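One letter stands for each residue in the lines below.
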Amino acid sequence: MARYHLIDPLSAAEVTGRIRDVAFPLPDTVMIAAHCLIARTPSLLVSIRLADLTGEEHPTNLPGTDPSIYPNWRWKNSIDLDELAVGERFRSLVAAVNQERPR
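These notes cover the structure that comes with them. (Residues numbered from 1 in each chain as written. Predicted model: local features only at pLDDT ≥ 70, side-chain atom pairs only at ≥ 80, totals over all residues. Heavy atoms only, no water.)

**Looking at the overall build of the protein**
Part 1: For the protein, the helix and strand inventory stands at four helices and zero strands.
Part 2: Across the 103 residues that make up the protein, the buried fraction comes to 22%.
Part 3: Here the contacts in the protein between residues at least 6 apart in sequence split such that 45% fall between residues at least 24 apart. (Helix = DSSP H or I, 4+ residues; strand = E, 2+ residues; numbered from the N terminus. Buried < 20%, exposed > 50% of the residue type's maximum accessible area, 1.4 Å probe, protein only. Contact = heavy atoms within 4.5 Å.)

In structure tokens form, the structure reads like this:
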């Protein structure tokens, strides 16, 4: 549960205010806060994983895994890419990162 170790640093950075009472799976506020913190870095390149934009709950694109469990190199997106940009998760995440890192 290493994801839970993100909560204190995100709260300390005041990305989204204090985050409390977090259950698994982590809520979108934690995911958005993590991306905002990354967007604040001096890196020249910041990106958002497709799986974060679609809210995938299962691993995607796992090379070298057992094909009977996860067929290798196959995306398992829960939504069609045509529907991606109209989703609330996509719009919230992209807006938050754009606010931290305007053009």
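**Some words on the nonpolar core**
Part 1: Core analysis: the biggest nonpolar cluster contains nine residues, these being M31, I32, C36, A39, L53, L84, L93, A96 and V97.
Part 2: For this core, the secondary-structure elements that each account for two or more residues are α2 (28–39) and α4 (88–100).
Part 3: Residue contributions to this core peak at four residues, all from α2. (Core = buried A, V, L, I, M, F, W, Y, C linked by side-chain atoms within 4.5 Å.)

**Some details on the pattern of salt bridges**
Part 1: With the rule as written, the count across this model stands at four salt bridges.
Part 2: Note that D52 is salt-bridged to R49, the shortest N-O span being 3.5 Å.
Part 3: Take D52: its relative accessible area is 17%, and that puts it in the buried class.
Part 4: Note that E88 and R91 form a salt bridge whose closest N and O atoms lie 3.1 Å from each other. Taken together, the residues span about one helical turn, with E88 and R91 both in helix α4 at a distance of three residues.
Part 5: Classification of R91 by relative accessible area gives partly exposed; the value is 45%. (Salt bridge = Lys/Arg side-chain N within 4 Å of Asp/Glu carboxyl O.)

**Describing α4**
Part 1: Counted at 1.5 Å a residue, the expected span for α4 with its 13 residues is 18 Å, and the 18 Å between its end C-alpha atoms agrees.
Part 2: Each element contacted by the buried residues of α4 is listed here: α2 and α3 (50–54). (Expected span 1.5 Å × (residues − 1).)

**Thoughts on the environment of N98**
Part 1: Looking at the secondary structure, you find N98 in helix α4.
Part 2: Note: C-alpha distance between N98 and C36 (62 residues apart in sequence) is 8.8 Å.

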